[in-house]
Amino acid sequence: MATVDTAPAGPHAPPTPSCSCPPPAQRPPTIAVPEQPLPVDAPAPSAATTLIGSVQRAMRLLETVATHGYGAPAKQLARETGLALPTTYHLLRTLVHEGYLRREKGRFFLGDAAERLGSSGAQQKRRSEVAATLAHWRDSIGVPVYYAMYRDGEIEVMCVSDSPEAPAVEEWADFRETGHAHAIGQCLLSQLDEDARRDHLARYPVQSITPYSVRDNDALLRRLARMPRTGPVVERQEYALGTVCAAIPITVGTTVATMAMSLPAHQSDRLLPAAHRLQTEIGRHLGTLALSISI
């Protein structure tokens, strides 16, 4: 399979090495809040005393409504949940008011709020599947793995999986503005049509950020036009000195995406073998990941 090596012909004396692709979002430090002591004569809390009965009953109603694809009347819901009819009516009115249920011709159905909860849960599950897959590839190939998309005219890194043994590199120049310089950006731009590429470069024009970076918009457009549609896109020290990267193009429907990896420049001999192995793994799992990567 053809590959594109985007390094210029002649190396230049590098300044102090910098870092490349952005790391995963850092979780803010946890602030410890001391527990408030219970009064000396207070009884120890039990599972029963810490539960809120009305919430439990409302959740039972929601779960029961969810089992009825064509809705169910209040009396049937009361019977199936074992709740008193007045309590059932009160909870149903509250759930309808809050949008978790809707009422049509005396029957109750799941409302928009409940549907949004389900949709969010499914989306979180898909993201977890992507993260788990990237972690597996990180460990089996021995490189940090990145997942990025081109969405609404912007380059977005959605997920990064690294480890102490295979650390991700830092973002030192705004990642969205420097898509011309890193493998992720070049791979995503290569999947766009000519008009979309020019639109992106009108907003984020090429600027040389290392001695190896492409020099202007026209030079980048010529390079993108020569790139194969399926092969790895490789860049060497164009975004950050001391770092080499490779990105694999992924197109699922209208989703333009890429899986990428990075290595220190002194391990550049590993780059293409690792990139081809990553591409093979992507090919094996693309069917099951097709929905997951559209996040």
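Note that this is a predicted model, so its numbers are computed, not measured.

About the criteria used
Residues numbered from 1 in each chain as written. Predicted model: local features only at pLDDT ≥ 70, side-chain atom pairs only at ≥ 80, totals over all residues. Heavy atoms only, no water. Phe/Tyr/Trp six-rings, centres within 6.5 Å; stacked < 30°, edge-to-face > 60°. Helix = DSSP H or I, 4+ residues; strand = E, 2+ residues; numbered from the N terminus. Buried < 20%, exposed > 50% of the residue type's maximum accessible area, 1.4 Å probe, protein only. Contact = heavy atoms within 4.5 Å. pLDDT = per-residue confidence, 0-100. Patch = residues over 30% accessible without salt bridge, like charges linked within 9 Å, V, L, I, M, F, W, Y side chains within 5 Å. Areas by Shrake-Rupley, 256 points an atom, 1.4 Å probe, with all protein chains shown as cover. Salt bridge = Lys/Arg side-chain N within 4 Å of Asp/Glu carboxyl O.

As for the packing of aromatic side chains
Okay, step 1: Per the stated rule, a full pass over the model turns up two aromatic pairs.
Okay, step 2: Measuring from centroid to centroid gives 6.0 Å for Trp172 and Tyr239, while their planes differ by 50 degrees, and the two rings are tilted. Taken as a pair, Trp172 in the loop between β5 (154-161) and α5 (183-190) and Tyr239 in the loop between β6 (233-236) and β7 (243-252) lie far apart in primary sequence, 67 residues in all.
Okay, step 3: Look at Phe175 and Tyr239: their rings are 5.7 Å apart centre to centre, the planes differ by 75 degrees, and that puts the pair in the edge-to-face class.

Considerations on the environment of Pro249
Okay, step 1: Summarising the element assignment, Pro249 is placed in strand β7.
Okay, step 2: Of the residues examined, Pro249 reaches a relative accessible area of 16% and is grouped as buried.
Okay, step 3: The residues contacting Pro249, other than those within four sequence positions of it, are Cys187, Gln191, Arg229, Thr230, Gly231, Ala257 and Thr258.

Details of the confidence of the model for the protein chain
Okay, step 1: Summary statistics for the protein chain give a mean pLDDT of 81 and a share of 76% for residues scoring 70 or more.
Okay, step 2: Low pLDDT, under 50, characterises residues 1-42; the predicted model gives this stretch 79 contacts beyond four residues in sequence or across chains.

Description of a nonpolar patch on the surface
Okay, step 1: A cluster of nonpolar side chains, namely Ile52, Val55 and Met59, defines an oily patch on the protein surface of about 280 Å² accessible area.
Okay, step 2: Mapped onto the fold, Ile52 is located in the loop between β1 (4-5) and α1 (53-66).
Okay, step 3: Overall, the relative accessible area of 54% leaves Ile52 in the exposed class.

Some thoughts on the environment of Glu115
Okay, step 1: Within the secondary structure layout, Glu115 lies in helix α4 (residues 112-142).
Okay, step 2: Using a relative accessible area of 47% as the deciding quantity, one classes Glu115 as partly exposed.
Okay, step 3: The spatial distance from the C-alpha of Glu115 to the C-alpha of Gly99 is 9.6 Å, given a sequence separation of 16 residues.

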